[in-house]
Amino acid sequence: MTTPGFGAFSSAVARAKADIFRRHFDPATLRPAETVKASMQCVRCGGLLTYTASAVDGRMTGRCSSAGCLQWKDLA
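Residues numbered from 1 in each chain as written. Predicted model: local features only at pLDDT ≥ 70, side-chain atom pairs only at ≥ 80, totals over all residues. Heavy atoms only, no water.

Enquirer: Kindly report on the overall build of the protein chain, identifying the contributing residues and their values.
Expert: Along the backbone of the protein chain there are two helices and six strands. Along the protein chain, helices and strands appear, N-terminal first, in the series α-α-β-β-β-β-β-β. Of all 76 residues assigned to the protein chain, the portion counted as buried reaches 30%. Excluding contacts between residues fewer than 6 apart, the proportion of contacts in the protein chain whose partners are at least 24 apart in sequence is 30%. (Helix = DSSP H or I, 4+ residues; strand = E, 2+ residues; numbered from the N terminus. Buried < 20%, exposed > 50% of the residue type's maximum accessible area, 1.4 Å probe, protein only. Contact = heavy atoms within 4.5 Å.)

Dropping the structure here:
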């Protein structure tokens, strides 16, 4: 998922989720040690992307502050 050509073929949501995974997730458990609520620069427009990552089940949600940009919620 993080090969050099990944950005060219993936969606902006996939790139954002991969970046969040690299920043906060433990590869062994596939979830962060503690629930994360943070923000970063949006990979699509450069705006403010606010996200959460659950320590319970590893699900992520995210929303960009720019109208019509990235937004996702992992479902069960």
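Enquirer: Before we move on, could you go through helix α2 (residues 12-24) and cite the residues and values that matter?
Expert: For α2, which comprises 13 residues, the first-to-last C-alpha distance of 18 Å matches the rise-based estimate of 18 Å (1.5 Å per residue) to within 8%. Within α2, the full set of buried residues consists of Ala-12, Ala-16, Ala-18, Asp-19 and Ile-20. (Expected span 1.5 Å × (residues − 1).)

Enquirer: Give a description of the pattern of salt bridges that names residues and reports values.
Expert: Throughout the structure, instances matching the rule amount to four salt bridges. Across the pair Asp-19 and Arg-23 runs a salt bridge whose closest N-O atoms are separated by 3.2 Å. Residue Asp-19 and its partner Arg-23 are located together in helix α2, separated by four residues, close to a single helical turn. The partner of Arg-59 in a salt bridge is Asp-57, and the shortest N-O contact between them spans 3.4 Å. In this structure Arg-59 comes out as partly exposed when scored by relative accessible area, which is 35%. A relative accessible area of 33% places Asp-57 in the partly exposed class. Counted as one network, the salt bridges with shared partners bring together Asp-19, Arg-22 and Arg-23. (Salt bridge = Lys/Arg side-chain N within 4 Å of Asp/Glu carboxyl O.)

Enquirer: Give me the lowdown on the pairing of strand β5 (residues 60-64), citing residues and values where you can.
Expert: Side-chain alternation along β5 places Met-60, Gly-62 and Cys-64 on a buried face and Thr-61 and Arg-63 on a face that remains uncovered. When strand β4 (residues 48-53) meets β5, the two strands line up antiparallel, connected through five bridges. Pairing of Tyr-51 across the sheet is with Gly-62, part of β5. Count of turn residues in the β4/β5 antiparallel hairpin: six residues, of which Gly-58 carries a positive phi of about 80 degrees. As judged from the three bridges shared by β5 and strand β6 (residues 71-73), these two strands associate in the antiparallel manner. Bridging across to β6, Gly-62 finds its partner in Trp-72. Linking β5 back to β6 in an antiparallel pair, the connection comprises six residues, with Gly-68 at a positive phi of about 75 degrees. (Pairing = 2+ DSSP bridges.)

Enquirer: Quick rundown of the sheet that holds β5? Include the residues and the values.
Expert: Read from one edge of the open sheet, four strands run β3-β4-β5-β6, paired in antiparallel fashion. Taken across any chain shown, the strands that pair with only one partner, and hence form the sheet edges, are β3 (36-41) and β6. Going across the sheet, the axis of each strand differs from the next one's by a mean of 20 degrees, ignoring polarity. Taken together, the six bridges between β3 and β4 define a ladder with antiparallel strand orientation. In the sheet register, Lys-37 faces β4, and the bridge partner there is Thr-52. In this fold α2 packs onto β3, β4, β5 and β6, with an angle of close to 125 degrees to the strand it touches most, β3. (Axes fitted to C-alpha atoms, helices over the stretch in contact; angles between N-to-C directions.)

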